[in-house]
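Now for the letters of each chain:
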Amino acid sequence: MNRAILIWGALSGGCMAMALPHRRVAPREHRASRLFFLFAALLMPVSAMAVEKQAKRVLIVHSFGSVAPPFTIHSTAFEAELVEKMGERVDLDEVSLDMARYADSTMQEALVDYLEKRQAHWRPDLVVPIGSPAGVFVARYRDRLFSDTPILYVGMDGRRLAPGALKKNATFVGENFDLPGFVDDILQIAPDTKNIAVVIGASPVEQYWTQAFRKAFQPFSNRINFIWLDDLPFDQMLDRVHKLPPHSFIFFVLLLRDAAGVTLNADEALQRMHEVANAPINSIFQHQLGLGIVGGRLYQAAREGRDAAHLAIRILRGEPASSLPHEIVGSLPPRYDWRELRRWKIDEHRLPPGSTILYRTPTVWQQYRDWIIGGASVVVIQALLISGLLANLIRRRRAERSLAESEARFRNMADTAPVLIWVAGSDKLCTFLNKAWLEFTGRDLERELGDGWAEAVHPDDLQNCLTTYEKAFDARKPFTMQYRLRRHDGVYRIITDEGVPRYDVAGKFLGYIGACVDISDLVQKETALTEMEERVALAAEATQLGVWELDLATNEVWLSDNTRDLFQFDRGTEVSYSDFQERVHPEDRAVRNAMIEEAVESEGSYETEFRIVLRDGTLRWIAARARCQKDGSGKSTRLLGTTRDVTKRRQAEELFRAATEASPSGTVMLDRDARILLVNAHIEELFGYSRDELIGQTVEVLLPQSLGDQHPDYRSNLIALPGAGPIGERLELFARRKDGTDFPVEIALSPIQTPQGLLVLVSVTDLSERKAAKEEARYRREQIELLSRVSMLGEMTASVAHELNQPLAAIMSNANAGMRFIDSGKFDAKQLHEILADVVSDGARAHDIINRVRSAIKKGEPIRGKINLNDVVRNVAYMVQQDAAAHSCELQISLADDLPAIEGDPTQLRQVMINLVSNAFDAMFDASPSSRNVEITTEYNGNGMISVAVRDHGPGIPEGTQDRLFEQFFTTKEKGLGMGLAIVRSIVEAHGGGIAAENVKGGGARFSFNLPTSKEIPA
């Protein structure tokens, strides 16, 4: 009714340039009678509303109309599969762009306007554009027409879709044409081809593919002359293909509209062209095989439609279209039309391996093989009877003596036969049993005749045996049956009994003649074989091993259930070799095919591992083994193989390989003979060898035995590993590069238990940079210490001058006193000796100061020893007495008793004290003379640290500067350099201590540092 309303609307409103949409509800209900039609028509509005509420709505957008192959093949397959597999009503609506006739964009606008208006009454749950023009149309107007509706693009080359078309709730089922491959197919079967006439139409989509094919065929232009017929009307195309020069081939691409604007049916045009062509024709699509093309790689329009229907069902049941995988349906393995091969004298040996040949005319034997075999069997069985009948017919007019002779002759012949023969009359009673029967049963003829033979039949089989015999007897038809017959030794044997009716020359029914054969041994072998197959199947199932068989003559494939599950083939469905082949990953197909071909040619076997891509896009690794099986003549007829899922193992290997390659250390795997099994890329980089150069070599090529002097047992450590766990000790050795240079390395060894035995994983770390870095660090530390001492020297200069000034002044004073003592004439040897002793002591003290200053600026370790900090404080207090007097300052000392010794450089520690005390003097420059006190204290906290503090009574540390006091070049003095406190901190920290500064309650600042006792100094 919907379609009628639409057509009426078209007639009343004027003809539209675009084909009107039409709709149907599937599946259709059977109507019982015309009365039911009338009743249904009256109730149509109500029932239509009910259907609309329940049925899922699918809008199919055609590119070229409802009769435009190959696109019709897509839509027909899609609709049929959707209706059959959906399991519920589907409201199918169709609309056509009719691009073959109307390519004007204004026509598309008219259809867009129409679809916009009808959206208010009929909104689809899924939109299915078929063909690239429909796909481009839907993608262009989607936001305007189907903004929230899922889209399923079908039957187009993926390159025709605009970027982003699949991003918004859409998916795709189509093809990706291998354009140069079509020329390869032609040259494969006709290598002497010089001209290829390309037949293609003039519609916009055909013009697009004309340009694409011209570009793809360009590499063949130096060998092939391409004749393009896209600018000709169809009649002229027919004339051209009728007059092609020798060594030509016709490539029929697509023909929807010719250059004259005439719309064509591509399949009908192909058939008309086949009638007049003087050269073989090739095309693109599978359904055209049988319409006049030779064959080759053909694309599967019907399968695209079916696969699209499966995705449509999932979308209609709630799955988002964007979550479904995009499917590229490839071409079939090569297949050819036997009739065209014969017509154009194309040798079958030129066909690609694995090609399928269809439409081959069967021979008489192939057509009537079963009849011939059956007839021959009957003839053989009847031969005995016929011989007797012929003898009787020829000698019927002779005396009974001649008849007796004929019967005797028949009996003799029957008795010599190796099978059990019987004859029954028209009354169903047995009239003859040959010698073989009697010997088999061990009974005499009298007991067997009539119904006596039935006594030897097994009781459980007797009723079925008699029923079969009587039914065949009454119907006068041949029969075959099996039953158990007791042998002369009492053992029941399984026999097969075949009987045929016999007639005289006049056609009168005379009874039956039959023959029996003991098949017990054959049945036992078949039973044993079946049991064996069941055990093998059980073992295969237990080990998850799949089994398959390929008939090399017919390319028919048998798969076990495990194999079907592994490759995701539904059980009970027919699987072709091409289906099996399509599951193989495209990158692995060539290698696998080559191994199969080599195994077939050599009549041997192969073993390989390859990847498969399942229907849901999952990737699996398969381990496969197969061998050829020969028939009785020694010719290979079948390929038997097994498959096993090794995905987890391969993933583990890949992870191990990736981890090994990504390791920042070199990795080497050794066997128990210390031979190299595996190396990673870092080893190649480290040693300059390639992998191939190292595999199979002993470890000495990298770690020479001659370099093992420092570790004589390193080779034994590599081989005689402990039973479990890695070797904890790391060895430092010298390794040797390919160029002969040696470098230090650190190796760590780890044992690995494998089915092949114990292996060793050796981790190799280059120590060159580490050792160079250590040496550089040591050198820099020495330079820094030297610079520190030199920098310190500037700050120490004044202090050293003060320190030297004391002994020098004493020397001068004592010397002057001695001179005055001598000049006075009063010579007292004891006093003079004391004066000179003081001079010597002061000179020794000055000499010691000079040596320590020289040591401080020399490169080398500072002079350290055990020191009592109380002595250092007393010494500094003695040295700065004159400075204290110059600053009008009073120096107060408070020293702890029994102070433990520390380990350090006394000169540097005196410099610390001098800097702190001098700063304290300077800090009190503006203080009143009565408050200019500097306090020095020492204290031991009992936890291994000694504290020394210097406090002044000046203005204290300015706010905001406390955190920066010990920075280099930071100073609060007007003429200070900012190095004194920085040097103080570096000396204290070099002795393992720390320094701090704080303002003291009551005024002034306190600088204190802590030093560890000699027992607490870190190593």
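If you're wondering where the values come from, they're calculated on a predicted model, not measured in any experiment.

A few words now on the overall build of the protein. Helix and strand counts for the protein come out as 32 helices and 36 strands. Looking at the 1019 residues of the protein, the share that counts as buried comes to 42%. Carbon and sulfur atoms form 53% of the exposed surface of the protein, whose accessible area is close to 54,400 Å².

We now examine helix α32 (residues 980–990). When α32 is considered as a whole, its buried residues turn out to be G980, L981, A982, I983, V984, I987 and V988. Among the residues trailing α32, G992 stands out with phi positive, at a value near 85°.

Here we take up the sheet that holds strand β26 (residues 676–679). If you walk across this open sheet you meet the five strands as β26-β25-β29-β28-β27, and the pairing is antiparallel. Whereas interior strands pair on both sides, the edge strands pair on one side only; in this sheet they are β26 and β27 (731–736). On average, each strand axis in the sheet is tilted by 35° relative to the strand beside it, whichever way the strands run. Of the strand pairs in this sheet, strand β25 (residues 666–670) and strand β29 (residues 757–766) are connected by five bridges, and their pairing is antiparallel. Each residue of the ladder has a partner; that of M669, found in β29, is L761.

Interpreting fine coordinate detail is not advised for predicted regions of low pLDDT. On average, residues of the protein carry a pLDDT of 80, and 79% of them reach 70 or more. Element-level mean pLDDT values for the protein span from 33 in helix α1 (residues 2–13) up to 96 in strand β7 (residues 195–200). Scored below 50 in pLDDT, residues 1–52 shows 57 contacts in the model against residues more than four places distant or in partner chains. In this model, residues 706–711 is a region of pLDDT below 50 whose contacts with residues beyond four sequence positions or in other chains number 12 contacts.

Next up on the list: the sheet that holds strand β34 (residues 945–951). Ordered by their spatial adjacency, five strands build an open sheet running β31-β33-β34-β36-β35, and the pairing between neighbours is mixed. The open sheet has two free edges, formed respectively by β31 (890–894) and β35 (994–999), since each of these has just one partner strand. Adjacent strand axes in the sheet meet at a mean angle of 15°, parallel and antiparallel pairs treated alike. Across six bridges, the pairing between β35 and strand β36 (residues 1005–1012) is antiparallel. Following the sheet pairing, N999 is matched in β36 by A1005.

Per the counting criterion, the structure on display carries 30 aromatic pairs. For the ring pair F217 and F226, a centre distance of 5.0 Å and an interplane angle of 20° mean the geometry is stacked. When sorted by exposure, F217 lands in the same class as F226, which is buried. Within the aromatic cluster, the residues linked to one another by ring pairs are F177, F182, Y208, W209, F213, F217, F226, W228, F251, F285 and Y299.

One pass over the structure, following the stated rule, counts 38 salt bridges. In this structure, the salt-bridge partner of R314 is E319, at a minimum N-O distance of 3.1 Å. Relative accessible area serves as the criterion here: at 36%, R314 is assigned to the partly exposed category. For E319, a relative accessible area of 30% gives the class partly exposed. Ionic pairing is found between R339 and D337, a salt bridge with its closest N-O pair at 3.0 Å.

Here we take up the pairing of β25. With five of five residues buried, β25 lies mostly within the body of the structure. Neither face of β25 is exposed, since G666, V668 and L670 on one face and T667 and M669 on the opposite face are all buried. By the bridge criterion, three bridges tie β25 to β26 in an arrangement that is antiparallel. Counted as the bridge partner of L670 is I676 from β26. Linking two consecutive strands that pair antiparallel, namely β25 and β26, is a turn of five residues; a positive phi of about 60° is found at A674 within it.

This paragraph deals with the pairing of strand β4 (residues 126–130). Across the five residues of β4, five count as buried, placing the element largely inside the fold. Going residue by residue along β4, you find L126, V128 and I130 tucked away on one face and V127 and P129 tucked away on the opposite face as well. Two elements, strand β2 (residues 56–62) and β4, share five bridges in a ladder whose sense is parallel. Paired with L59 across the bridge in β4 is V127.

On to the environment of N868, then. Relative to the assigned elements, N868 resides in the loop between β30 (865–867) and α29 (869–879). Put simply, N868 and P906 are 38 residues apart on the chain and 9.2 Å apart in space, counted from C-alpha to C-alpha. A polar contact of 2.9 Å, which involves the side chain of N868, links it to the backbone nitrogen of N870.

A word on helix α10 (residues 234–242). Among all positions of α10, only F234, M237, L238 and V241 are buried. When α10 is viewed along its axis, its buried side chains cluster within an angular range of 100° and face the same direction. Those residues of α10 that are buried are in contact with β7, β9 (248–254) and α11 (266–276).

Judged by nonpolar contacts, the single largest core of 61 residues is most densely connected at V58, F78, L82, L152, F213 and F251. If near-sequence neighbours (up to four positions away) are discounted, F78 is found in contact with V58, I60, V128, L152, G305, R306, A308, A309 and A312. In terms of nonpolar packing, the next biggest core, distinct from the first, is built from 40 residues, A884, L899, V948 and L1011 among them.

What you tend to see is this: most non-glycine residues have negative phi, and most peptide bonds are trans. For Y359, which is not glycine, the phi torsion reads 65° and is therefore positive. Tracing the sequence through the fold places Y359 in the loop between β14 (356–358) and α14 (364–394). Despite not being glycine, E603 shows a phi value in the positive range, around 55°. Here E603 lies in the loop between α22 (586–602) and β22 (605–613). Note on E603: relative accessible area 34%, which makes it partly exposed.

Turning our attention to the side chain of E340. By the secondary structure assignment, E340 is in helix α13 (residues 338–343). For the buried E340, no salt bridge is present, and the opposite-charge side chain at shortest range is R343, 4.1 Å distant. A distance of 2.9 Å separates a polar atom in the side chain of E340 from a polar atom in the side chain of H274. If sequence neighbours within four positions are ignored, E340 has contacts with H274, G292, I293 and V294.

Closest axis-to-axis distance for the helix α31 (residues 906–923)/α32 pair is 10 Å, and the angle between their directions is 145°. The crossing of α31 and α32 is left-handed. Side by side, α31 and α32 meet where Q908, V912, N915, L916 and N919 of the first sit next to G980, L981, V984, I987 and V988 of the second. Taken together, the residues of the contact of α31 with α32 break down into six nonpolar, four polar and no charged.

The interhelical angle for the contact between α10 and α11, taken along N-to-C directions, is 35°, at an axis separation of 9 Å. Handedness of the crossing formed by α10 with α11: right-handed. Together, F234, D235, M237, L238, V241 and H242 of α10 and A269, R272, M273 and V276 of α11 make up the contact between the two elements. Its residues placed into classes, the contact of α10 with α11 shows seven nonpolar, one polar and two charged.

What follows deals with the side chain of N265. Position of N265 among the secondary structure elements: in the loop between β9 and α11. The residues touching N265, leaving out its near neighbours within four places in the chain, are V67, P69 and L255.

Attention now goes to the state of the cysteines. Within the structure shown, the criterion is met by zero disulfides. There is no disulfide at C430, and the cysteine sulfur nearest it, in C516, is 9.9 Å away. Owing to a relative accessible area of 9%, C430 belongs among the buried residues under this scheme.

Here the focus is the environment of P246. Residue position: P246 is located in the loop between α10 and β9. Residue P246 is classed as exposed on the basis of its relative accessible area, which comes to 62%. Along the sequence, P246 and N195 sit 51 residues apart, while their C-alpha atoms lie 8.2 Å from each other.

About the thresholds
Residues numbered from 1 in each chain as written. Predicted model: local features only at pLDDT ≥ 70, side-chain atom pairs only at ≥ 80, totals over all residues. Heavy atoms only, no water. Helix = DSSP H or I, 4+ residues; strand = E, 2+ residues; numbered from the N terminus. Buried < 20%, exposed > 50% of the residue type's maximum accessible area, 1.4 Å probe, protein only. Areas by Shrake-Rupley, 256 points an atom, 1.4 Å probe, with all protein chains shown as cover. Pairing = 2+ DSSP bridges. Axes fitted to C-alpha atoms, helices over the stretch in contact; angles between N-to-C directions. pLDDT = per-residue confidence, 0-100. Contact = heavy atoms within 4.5 Å. Phe/Tyr/Trp six-rings, centres within 6.5 Å; stacked < 30°, edge-to-face > 60°. Salt bridge = Lys/Arg side-chain N within 4 Å of Asp/Glu carboxyl O. Polar contact = N/O pair within 3.5 Å; in protein donor to acceptor, adjacent residues only side chain to side chain. Arc of directions from axis to C-beta. Core = buried A, V, L, I, M, F, W, Y, C linked by side-chain atoms within 4.5 Å. Lys, Arg positive; Asp, Glu negative; His and termini not counted. Left-handed = near helix turned anticlockwise from the far one by under 90°. Nonpolar A, V, L, I, M, F, W, Y, C, P; charged D, E, K, R; others polar. Disulfide = S-S within 2.5 Å.

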